[in-house]
Amino acid sequence: QVRLVESGGGLVQAGGSLALSCTASGITFVDYAMGWFRQAPGKEREFVAGIDRLGAGTDYADSVKGRFTVSRDNRENTVYLQMSSLEPEDTAVYYCAAAYTVAAQTTRLDYDYWGQGTQVTVSS
């Protein structure tokens, strides 16, 4: 059974930082590119960041470039999202996802497995 479990969400003030983690089980982690998406109330789920299988290549949504950093530890089967300079517009449920491919992916349909999500709330 494949499981992706996110952690690290919470409430933070604007300008603050938060670090999310996502630990995978039931897959050979190094075979999967990983991604982070988010969904705000009433909005579509959108791409935030992606990382390739080995952690050498990354991709970011324009809205988070320079503020968010995605990384992974293949020994720990974990992908991370370090978020800084947070804005109220970053408030959403954040999801990690796994894609059975080499390169980082930006499209929802490219991902095979999804976590349950973790809430991030940024107060102004």
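Below you will find a few notes about this structure. (Residues numbered from 1 in each chain as written. Predicted model: local features only at pLDDT ≥ 70, side-chain atom pairs only at ≥ 80, totals over all residues. Heavy atoms only, no water.)

For Arg38, the position within the fold is in strand β4 (residues 33–39). Residue class for Arg38 comes out buried when judged on its relative accessible area of 6%. Looking at Arg38, its side chain comes within polar contact range of the side chain of Asp90, at 2.9 Å. Discounting chain neighbours no more than four positions away, the residues touching Arg38 are Glu44, Arg45, Glu46, Val48, Ser63, Val64, Phe68, Glu89, Asp90, Ala92, Val93 and Tyr94. (Helix = DSSP H or I, 4+ residues; strand = E, 2+ residues; numbered from the N terminus. Buried < 20%, exposed > 50% of the residue type's maximum accessible area, 1.4 Å probe, protein only. Polar contact = N/O pair within 3.5 Å; in protein donor to acceptor, adjacent residues only side chain to side chain. Contact = heavy atoms within 4.5 Å.)

Inspection of every chain in the model, using the stated rule, returns 7 salt bridges. With a shortest N-O distance of 3.7 Å, Arg108 and Glu44 are connected by a salt bridge. Residue Arg108 is located in the loop between β9 (92–99) and β10 (113–114), and its partner Glu44 is located in the loop between β4 and β5 (46–51); the two are separated by 64 residues in the primary sequence. Between Asp62 and Lys65 there is a salt bridge, with the nearest N and O atoms lying 3.2 Å from each other. Here Lys65 falls in the partly exposed class, since its relative accessible area comes to 48%. A network of salt bridges, in which partner residues are shared, links Arg38, Glu46, Arg67, Glu87 and Asp90. (Salt bridge = Lys/Arg side-chain N within 4 Å of Asp/Glu carboxyl O.)

Turning our eyes to something else, we now look at the nonpolar core. General note: in soluble globular proteins, nonpolar side chains tend to be found buried as a group. Counting residues in hydrophobic clusters, the biggest one holds 35 residues, and the most contacted among them are Trp36, Val79, Leu81, Met83 and Tyr94. Considering every element that reaches this core, the biggest residue donor is β9, with 6 residues. (Core = buried A, V, L, I, M, F, W, Y, C linked by side-chain atoms within 4.5 Å.)

Our next topic: the pairing of strand β7 (residues 68–73). Successive residues of a regular strand alternate their side chains across the two faces of the sheet. In the sheet, β7 pairs with strand β8 (residues 78–83) via 6 bridges, with the strands oriented antiparallel. In the strand pairing of β8, Asp73 is matched with Thr78. Between β7 and β8, which pair antiparallel in sequence order, lie 4 residues; one of them, Asn77, sits at a positive phi of approximately 55 degrees. (Pairing = 2+ DSSP bridges.)

A word on unusual backbone geometry. Despite not being glycine, Asn77 shows a phi value in the positive range, around 55 degrees. Note that Asn77 resides in the loop between β7 and β8. Not every positive phi belongs to a glycine, and Ser85 is a case in point at roughly 50 degrees. With respect to the helices and strands, Ser85 occurs in the loop between β8 and β9. Since its relative accessible area comes to 40%, Ser85 is described here as partly exposed.

Note that all results are geometric; they support no functional claim without further evidence.
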